[in-house]
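# Notes for the structure review
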Amino acid sequence: MQNSQSELGQPDPWSLYLPYDNKYELQGCCFKTRPHWRDMKDRTIITNIQDHELPDNTIRTCKYTLWTFLPLNLMEQFSKMANIYFLIVGYLETIDLVSITDGQPVIWFPLFVVIAISAFKDFLEDHKRQLSDRDENKRIALVLTPYGLVEKKWQQILVGDIIRIEQGEYFPADVIVVKTSEKGSCFIETKNLDGETNLKIKKQHKGLQFTRNLNDYLLQKEHILVHYDKPNPYLYKFNGTITMPPDHNSDGDQKVYQLDEVNFILRGCSLRNTHWIYGLVVYTGFDTKIMLNSTKARPKSSTLESQMNFFIILVFFIQLVICLFSAQYSVFWQLDNFMDIPYLELDENDLQTNIVFRTMERWGTWLLIYTNFVPISLLVTLEMVKYLQGMMIENDKQCKSQNHRTEVQTSNLNEELGNVKYMFTDKTGTITKNLMEFKTISIHGKSYGNVCNRSQILNSDEITHMPQVTNVDFRDKQLFNDLNQNDDHSRRIVEYFMHLALCHTILVEYEQGKIKYNASSPDELALLMGAKFCGFEYIGLDDGMMIVKYKDQLLKYKLLQVLEFSSARKRMSVIVQDQNDQIMLLCKGADSMIINLLDKSNRQNQELLSITEQHLEQYAEKGLRTLLLAQKELTKQQYDEWINKYLLAGLTTINREEQLLSLQDQIETNLVLIGGTGIEDKLQDDVGSTMQKILNAGIKIWVLTGDKLETAINISYACNLLNDSQQKIVIQSDDQFEAQFKINSGLDLLKTQFQNHSTALIISGDSLIHLDEKYLIKLIELAKQCHTVIACRVSPKQKQELVQLVKDNIYNIVTMAVGDGANDVNMITAANIGIGIKGVEGNQAARAADYSIGEFRILQQLLLYHGRECYRRNQVLVGYNFYKNLLIVLPHFWFSFYNGFSPLNLYDPWLYQFYNMFYTSVPIMIYAILDQQYSSKFLLKNPQLYQTNNKVTLLTFFFWFCSGGIQSAIVIYAVFPSMEQTSIDKEGRILFLSSVGMAVFCYAIIIVNLKVFVFSYMNSIGSVLSIFGSIILYLLTYMFLSQFTDRLDISHTFIHLFSNIQFYFILSGILILTILFDLALSRWSIFSEQQLFEIHRVRDAEEPASSEKSRFGSTPPSSLMPPDKFENLFQEEEDVYDDTSVLLPVKPVKTRKYTGYAFAQQEKKLDEALRNAEN
């Protein structure tokens, strides 16, 4: 049914707007896509009239459909160069002129298996998404129709529908609140969107209050014009207007009302503490804000993968060179020895005149013989190994916290965890718990909470008679004594706590008769709990009245306006009217912002500010988070004039946000200071020991926080990032030239006075703003020489820029970012590895991260054990795959010196293709998943071993390359002379080529499988069975093909080969030579490692006693010793990393030129993150 005028009934004022003009055209040819949201247009709809031109409410998060899976997945598979290479090789095998497989593309079978395994994995992952989409789309919702409320599937809902949501149900689309069961208000939970369990309040616009008295039949007849924004990804932003029909107003005019985010509810939210709600559907399906935020993450690849791709290209070019050499050698050898090889029936003139053609012909044949230079199974093997490694990380008990398990969302970065050089971490909620406690306060120049005299501390009996609250650690008896004095100061105390009880956005709900506060910020919750503890209990909001209980009296204040917190404003305000009709503006926020808003002409204000700033500095020295409280009285005329402008600005559609912010700034001026607060944010468990171990592992740590400088410094002392023996370079300036001067001075100090000292760099976000590109490079040069960097007062965008700055200017490093809030998303996605902590600030960071963890301490296990071991095993897996392919391919090259480089294939083509798939793949996979050099406990006690891994370089690649080349020469030159005269069966047939080839093939399989046994540190029953099982599988298939087929060259060679006693003597000799070769290389590796340890031991002995402890200790490890024996060599000292989670030592900061507050209220952070990303 198309929208039309007939649905309205005549006459109707909205007929001009029908049919709707909201449609947008899909773009593309074969695969249609939606246009970018910026290219769409604002919408106009009418309630109860569906827009059939817009998409329905179906959502799809899966990548494929039944019809697109095959083409799209094949496109994805053949975007990998290795697959394209083997596809071309298969085509060459069909060309008779160069084919060595009788024109059969045998390479396509293993290629098919590799692609099928990868496609099957993709299918399984996508099928889970398909099932989830199907369940989501088939949920049931109540839709208002002319026949009443009708059950419809979510996917059938259209824009213009009015739906009814019951308590506990989820919203199927983005809606505007039409009416509710609770006088126009409702409570929603956004846990599915941002992980927050705190309830938010949404309201019916006052222009829709008439719907409260309408039943379903009458509500369905209402036609209200709604104009609103085009679809956009800003979760906490909504602008629109509703226009009422003339018959709703006595004067016959059309009234227009402004809608904002308070009237708007997102898909995925759930209804709480409200019986029901009716909502108008405005965005559906892919146009909903949550779906517009479901963008694909930037693909990340590990350093090892990049190096592997380079090695594949390098091997391919080496292969081309060897093929060209073999082809030219063959042609010229035939020309030189033409008279000695008449049995080949060659045409000498043809060889001489077509030398280029014959060279290219043989080059193509040699290319097919050397096909397996590039390991066909490497990519899929590594992919499967990483997936299984990720499962092991998720199931590791040491990676689980009390409430959360570690989740691996990007398993292809497993080994990157073992290669980290720089770690960037947020402070609040990451290092600290983000569980605030009301600790100290400053009221009109007097500080409370810093109690030195025991007699002034509340005892346990006195506390039991106080209100029982959480988030409070305040024990100063003097406050309560002053509050009971009934003098001017006591009235100021009442004024102060009334400010705390009123200036917030906390919602109240009742559970079993008890009040429960739902705060969007842990700071606000701590402040309100502090007010309740001191006798000022916030009861809730009832019909626009804020109610505070004090001394058994209910004090009511009319809430006139809320000026919400934002990262740019760094403050929030409320405007209230008391019972005497006095209008007050109450403001709290960062001291750096509030100071500029104070009344400069008020001398008493300035004197009070000087005292309060001293108090805040004292609080910051203890690591507390600080803010200022201020207020001012408004006359009714002042308020009326301002609110009229404010409401008028809210109706505009052009620069609405800028106009509203400007008017907020106008009203928040000439404030009167009333005091400040200090809130403690506890350190997480074991954060101190975790930081120390990460530093000892050779990883440099950058703390990026929005807190003030003093708070950041003292928290850094508490978690062992800073100590008194360190030299500190502080760059804090609002002036460009001063900031540049301090950077130059820092570089000079590092070259002279600080050259042999551990150094920390401390810089403010304001200083960063003034640095141009030249000085940003100098800043990096300065930071490279510092063990720790602390950046305070930095915005989310600056966090991202600092990470990118380090990545762009320090060569060949791996960066890791750790955060817990939506304001850390940009930083997490910018780093090579993103770690999200599931915490109080929601799950946005955890969802955007590559790995999500429950606590900061889990980084020990993740980096020092799993990261190190995954890197060690995976780099062996990559090198081993090149090695085993060279061992099976290069015998052709060495054998060619016997036959004039005639392009002959030594092996049966089918068994040759099974080599990578079945005969050599399983043991190395089990090694890469289960092998363990040292135990987790031992690696955590010796973090210096994190940096002793053999890093993948061109040198290590050539080690594997040369190992394969030398051992292949050993095999072929041991087999050929020995079996040349013995390859004759009982019937007199010469089986020389087939027997030699299959002997070499058999020896290669035995060597490469046993090599896994040699370099493994742990050999379980499973690994041993896989090694010998692979060898037995080869023998069984070889025996079957040899005994039961007559058309193959290897027919009847199995019995001949294995009945020859010489075969076993050769095998014994080859195994001795190759294993001794491997042992010699291993001993050289151990010797090199010992030399490294010895150098560091001597260096540490020459350093002063105050220097840092050696990163490597004094005892060299033995790479060949089993873990239990090796661990005994180390001096197992007692763990020196004490848990500092309950201690917050005071480290005085001597020079202070800056104060401020990081007001970490959880607010519209995702919108800011999106805007920053766009900029």
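Rules used throughout
- In this convention, every chain numbers its residues from 1, walking through the sequence in written order.
- Only residues with pLDDT of at least 70 get local features here, since the model is predicted, and only at 80 or more are side-chain atom pairs given and counted; chain-wide, interface and lining totals rely on the full set of residues.
- Side-chain numbers come from the whole structure's heavy atoms, not from hydrogens or water.
- By definition, no residue in a patch forms a salt bridge, and every one has over 30% relative accessible area; like charges are joined within 9 Å, nonpolar side chains (Val, Leu, Ile, Met, Phe, Trp, Tyr) within 5 Å.
- Per-residue accessibility takes into account occlusion by the displayed protein chains alone, with areas from the Shrake-Rupley method and a 1.4 Å probe.
- Put simply, a salt bridge is a Lys or Arg side-chain nitrogen that is within 4 Å of an Asp or Glu carboxyl oxygen.
- Secondary structure elements follow DSSP: runs of H or I no shorter than four residues count as helices, runs of E no shorter than two count as strands, and numbering proceeds from the N terminus.
- Only protein chains enter the calculation, and the probe is 1.4 Å; a residue is then buried if its accessible area is under 20% of its type maximum, exposed if over 50%, and partly exposed in between.
- Think of a 1 Å grid over just the protein atoms. A cavity is a set of points where a 1.4 Å probe fits yet cannot get out, a pocket is an open set with protein on both sides within 12 Å along at least five of seven lines, and lining residues have an atom within 4 Å of a point.
- Grid points are joined across faces, edges and corners, and a volume is the space filled by probe spheres set on the points.
- As a working rule, the residues Ala, Val, Leu, Ile, Met, Phe, Trp, Tyr, Cys and Pro are called nonpolar, Asp, Glu, Lys and Arg charged, and the rest polar, with Gly in that last group.
- Throughout, an axis means a line fitted to C-alpha atoms (over the contacting stretch in the case of helices), and angles, computed between N-to-C directions, take values from 0 to 180 degrees.
- For classification, angles of less than 35 degrees are called roughly parallel, those exceeding 145 degrees roughly antiparallel, those between 65 and 115 degrees roughly perpendicular, and all remaining angles oblique.
- By definition, any crossing whose near helix is turned counterclockwise from its far helix by less than a right angle is left-handed, and any crossing with a clockwise turn is right-handed.
- Residues count as neighbours in contact if any of their non-hydrogen atoms are within 4.5 Å of one another.
- We define the nonpolar core as a collection of buried residues of types Ala, Val, Leu, Ile, Met, Phe, Trp, Tyr and Cys that are connected through side-chain atoms lying within 4.5 Å of one another.
- Residue ranges labeled as domains rest on an automatic or database domain assignment.
- UniProt positions are given in the numbering used here, feature names are shortened, and annotations may be inferred rather than shown by experiment.
- For this analysis, a polar contact is any N or O atom pair within 3.5 Å, provided that within protein one partner can donate a hydrogen and the other can accept it, and provided that sequence-adjacent residues contribute only side-chain to side-chain pairs.
- One less than the residue count of a helix, multiplied by 1.5 Å, gives the span that helix is expected to have.
- Arc definition: directions from the helix axis to the C-beta atoms.

So, about a nonpolar patch on the surface. On the surface, Phe-325, Tyr-329, Phe-897, Tyr-898 and Tyr-973 cluster together into a nonpolar patch covering about 470 Å² of accessible area. Elements with a contribution of two residues or more to the nonpolar patch: helix H7 (303–336) and helix H27 (858–899). One can find Phe-325 in helix H7. When its relative accessible area of 38% is taken as the criterion, Phe-325 is described as partly exposed.

A few words now on empty space enclosed by the protein. The tally for this structure, following the rule as stated, stands at seven cavities of 30 Å³ or more. Lining the largest cavity we find 13 residues, and of these Thr-47, Val-178, Leu-208, Ile-224 and Leu-280 sit closest to its centre. Tallied by class, residues from the lining of the largest cavity come to nine nonpolar, three polar and one charged.

Okay, the packing of helix H29 (residues 922–930) against helix H33 (residues 1021–1044) next. The contact between H29 and H33 brings their axes to 8 Å, and the two run at 165 degrees. Judged on the interaxial angle alone, H33 and H29 are roughly antiparallel. The chirality of how H29 crosses H33 is left-handed. Side by side, H29 and H33 meet where Val-922, Pro-923 and Ile-926 of the first sit next to Gly-1022, Ser-1023, Ser-1026, Ile-1027 and Ser-1030 of the second.

Right, let's get into the nonpolar core. The biggest cluster of nonpolar side chains holds 98 residues, and the ones touching the most others in it are Tyr-370, Phe-373, Leu-911, Val-975, Phe-1001, Tyr-1003 and Tyr-1038. Examining the composition of this core, we find that 15 residues originate from one element, helix H32 (residues 992–1015), more than from any other. A domain split of this core shows at least three residues from each of domain 1 (58–139) and domain 3 (376–386 + 867–1083). Setting aside residues no more than four positions away along its own chain, Phe-373 makes contact with Val-315, Gln-319, Ile-322, Phe-882, Asn-885, Leu-886, Val-889, Leu-890 and Phe-961. Ile-431, Met-691, Leu-695 and Leu-709 belong to the second largest nonpolar core, which has 51 residues in total.

This part takes up the UniProt feature "active site" (unreviewed entry) in the protein. In the numbering adopted here, UniProt assigns the feature "active site" (unreviewed entry) to Asp-426. Considering the arrangement of structural elements, one finds Asp-426 in the loop between strand E15 (422–425) and strand E16 (432–443). The contacts of Asp-426, once residues within four sequence positions are left out, are Ile-431, Leu-704, Thr-705, Lys-799, Val-818, Gly-819, Asp-820, Asp-824 and Met-827. Of the polar contacts made by the side chain of Asp-426, one reaches the side chain of Lys-799; its length is 3.1 Å.

The terminal C-alpha atoms of helix H21 (residues 736–751) lie 23 Å apart, and with 16 residues this matches the ideal 22 Å at 1.5 Å per residue to within 8%. When H21 is considered as a whole, its buried residues turn out to be Ala-739, Gln-740, Lys-742, Ile-743, Gly-746, Leu-747 and Leu-750. The arc that holds every buried residue of H21, seen down its axis, measures 160 degrees, which confines them to one face. Seen from the buried face of H21, the exposed residues on the opposite side, beyond 90 degrees, are Phe-737, Phe-741 and Lys-751. Looking at the buried positions of H21, the neighbouring elements they touch are strand E28 (727–731), strand E29 (759–764), helix H22 (765–769) and helix H23 (773–784). Its side-chain oxygen 3.1 Å from the backbone nitrogen of Phe-737, Asp-735 forms the N-cap of H21.

Moving on: the side chain of Ser-764. Mapped onto the fold, Ser-764 is located in strand E29. Since its relative accessible area comes to 4%, Ser-764 is described here as buried. Within the structure, Ser-764 has its side chain in polar contact with the side chain of Ser-767 (distance 2.9 Å). Apart from the residues lying within four places of it in its own chain, the contact partners of Ser-764 are Ile-731, Gln-732, Ser-733 and Cys-792.

Here we come to the packing of helix H10 (residues 378–394) against H27. The interhelical angle for the contact between H10 and H27, taken along N-to-C directions, is 160 degrees, at an axis separation of 11 Å. Taken together, the axes of H10 and H27 are roughly antiparallel relative to one another. The two elements H10 and H27 meet at a crossing, and its hand is right-handed. Where H10 approaches H27, its residues Leu-378, Thr-381, Leu-382, Val-385, Lys-386, Gln-389, Met-392 and Ile-393 are matched on the opposing element by Leu-862, His-866, Cys-870, Arg-873, Asn-874, Leu-877, Val-878, Asn-881 and Phe-882.

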